[in-house]
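A structural walkthrough
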Amino acid sequence: MPYALLHRDGADHVDVLTGDVVTVAALDDIPMTPGTPVLAVIPYRQITERGFECVDDGTPLECLLVRARHTEPLSNFPPGEITLRDGGFDLSDDEYARVVDEVLRDEIGHGEGANFVIHRTYQARFEGDPRAAFGRLLHGEQGTYWTFLVDTGNRILIGATPERHVSVLDGIVMMNPISGTFRHGSGDILDFLRDPKEIEELYMVLDEELKMMACVAEHGGQVAGPYLKEMARLTHTEYLLAGRGSLDVRRVLRETMFAPTVTGSPIENACRVIARHERRGRRYYAGVLALLDHDESGRQTLDAPILIRTAEITPDGLLRVPVGATLVRHSTPAGEVAETHTKAAGLLSALGAVPSHPAAVRTTAQSPEVQRLLAARNDDLARFWLDSRAPGALAVPSLAGRHAVIVDAEDTFTAMLAHQLKALGLTVTVQPWQSVTAGSLLAAADLAVFGPGPGDPSDRDDPKMTALNGLVTSVLAAGRPLFAVCLGQQILASLLGLPLHRRDSPYQGLARDIDLFGTPRRVGFYSSFSAVARQSVAATPYGPVALAVDPSDDTVHALRGPGFAGVQFHPESVLSRDGVEILQELLPPLLTDVVSPAIPG
């Protein structure tokens, strides 16, 4: 009979679930009957439900309909002997390093995104009792969110995943972005906590999961942390996000497919990059294991860890252990190769492929210096996402009741921006660029907002860039209020006659202090392109435009003209400490027609 063994960190028992397995085509088809919990094994290919690209390998979405459940003590699952034969990675270290170099050069370097996760798979022939491997994981790993074994009759999944993807309980949606990896024995953890690459990597996945929370929680997500996630061989850094939501839990799963820690950002383009460079399906890697149920009041519940640090064993004895590394602008091929080996080591140790070491006692988090370094990470982050506030506390009277339409250029930062604009008093609609026409935009919007997105703004063969140029031109010609962010600003700047250039080094996940029209501001950038200028005021076909120009390289951080404004940074990002204040400054003049661009500052 199909069954599952589930252990949560800190529990003194294992949950044993038994039942029947059904295969469904889509998340909406997962049965949700009160009294019958469902354990769904969701493959990566379900990302196509969001319209995103993937190499479709046909891996099924299987559901264990739980007919019976009980608990057993940990002692019932002792470690046992396992044999692996003919093991090795499907991509050699040199091949994987070459892919990493290509992604860094051709994707991140050309503005296609801030970070991407590329995987490789350890494969071997498996001999032994899978329950023995589960027992070895229970005794050899620590800090896991779930340790599990799921036998559907068609495959066995055994894992020790550190990361909750999303959960829903008592109407509270929670997510748990984890990133940054310290390999035990590789140096001093204090150096790890000071490493800009590791810090920025966590900030970027925090931003990306805040985008998801903005789609599934009524007021977005509130941030807690950061914390250390200490495991047997690795230590990660993590945040917790929480927000109140009322969506069907299957929709929550769909809107959060899949975690940026296993895909990248922005996620839609990350999926294209993954398909382009991996050129093979991911099976269950990066998907989720989701327990769907109802509470005593009949409300839906969800608990869904990410399927990482997980082995899949097929009936013919083939074992797969996929692992990935997050590639950011500071990455090196050698460093990411080493990270994949370390991530695989915990699971491979439990399976007998590498030597096993006893888990260390978790004491690192008690160090005052560790706690100080963790707390310092929030010093320059946006309090908008860290603090709770009374409804209406940030409302601007001149914006109240006005309608903003945000044009989404394939980056759901727009969902975060929508929450900020709502907090300022605007009503907000977000529409994908493919569904917006100039007529509908001009008819519906008091304020047209052109959002961020990946790609080269000067590529006129790109349908998205052609459409955005046409929309911005129409709004400018009609003299209607317009605000532009990142890619939106690049399109706007080019139509104003400013040249664009690609940065020598991409500004992906980078926070900086800038001079914004005479006021020092801390803001976060996610871009590889920028407008450039040497003057503080530019003459344009639409009137004089004030420019906030970086004196070090002539890049345009922001602009404002008669009825329009734009920013190259992301005011909605958690990296933009002053993001809301900037919106409070720039938006009201657009809607009250009092902007005076001829006088900078």
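Read on for a plain summary of the structure. Computed from a predicted structure; not experimentally measured.

Residues L253, L302, L421, F483 and L587 are the most contacted members of the largest nonpolar core, which totals 101 residues. Element by element, the count of residues in this core is highest for helix α4 (residues 196–216), at 11 residues. If sequence neighbours within four positions are ignored, L421 has contacts with A404, I406, L426, V428, V449, L583 and L587. By size, the runner-up hydrophobic cluster in this structure holds 31 residues, among which are L441, L476, V545 and V556.

Burial analysis of strand β3 (residues 38–42) places 5 of its 5 residues in the buried class, the great majority of the element. The two faces of β3 match: V38, A40 and I42 on one face and L39 and V41 on the other face are all buried. With 4 bridges joining them, β3 and strand β4 (residues 61–73) adopt antiparallel strand pairing. Its bridge partner being in β4, A40 is matched across the sheet by C63. The pairing of β3 with strand β15 (residues 288–294) spans 5 bridges and is classified as antiparallel. Looking at β15, one finds that V38 is bridged to L292.

Under the defined criterion, the tally for this structure stands at 42 salt bridges. One salt bridge connects R8 with D15, and the closest N-O pair in it is separated by 3.0 Å. Given a relative accessible area of 15%, D15 falls into the buried group. Between D93 and R120 there is a salt bridge, with the nearest N and O atoms lying 2.7 Å from each other. With D93 in helix α1 (residues 93–106) and R120 in strand β6 (residues 115–128), the pair connects residues that are 27 residues apart, well separated along the chain. When salt bridges with common partners are traced through the structure, they connect E62, R155, R283 and E312 into a single cluster.

Most of β15 sits inside the fold, with 7 of its 7 residues counted as buried. Of the two faces of β15, both are covered, the one formed by V288, A290, L292 and H294 as well as the one formed by L289, L291 and D293. Linking β15 to strand β16 (residues 300–305), which pair antiparallel, is a turn of 5 residues; within it G298 sits at a positive phi near 90 degrees.

This structure, assessed with the given rule, holds 8 aromatic pairs. Between F89 and Y122 the ring centres are 5.7 Å apart and the planes differ by 85 degrees, which places this aromatic pair in the edge-to-face class. Taken together, the residues span a long stretch of sequence, with F89 in strand β5 (residues 82–89) and Y122 in strand β6 at a distance of 33 residues. An identical accessibility class is assigned to F89 and Y122; each is buried. When the ring of F384 is compared with that of W385, the centres are 4.7 Å apart and the planes differ by 80 degrees; the resulting orientation is edge-to-face. Residue F384 shares its accessibility class with W385, and that shared class is buried. A cation over an aromatic ring shows up here: R120 above the ring of F89, its NZ or CZ 3.9 Å from the ring centre. Stacked on the ring of F517, the Lys or Arg R560 has its end atom at 4.1 Å from the ring centre.

Criteria and cut-off values
Residues numbered from 1 in each chain as written. Predicted model: local features only at pLDDT ≥ 70, side-chain atom pairs only at ≥ 80, totals over all residues. Heavy atoms only, no water. Core = buried A, V, L, I, M, F, W, Y, C linked by side-chain atoms within 4.5 Å. Buried < 20%, exposed > 50% of the residue type's maximum accessible area, 1.4 Å probe, protein only. Helix = DSSP H or I, 4+ residues; strand = E, 2+ residues; numbered from the N terminus. Contact = heavy atoms within 4.5 Å. Pairing = 2+ DSSP bridges. Salt bridge = Lys/Arg side-chain N within 4 Å of Asp/Glu carboxyl O. Phe/Tyr/Trp six-rings, centres within 6.5 Å; stacked < 30°, edge-to-face > 60°. Lys NZ or Arg CZ within 6 Å of the ring centre and 35° of its normal.

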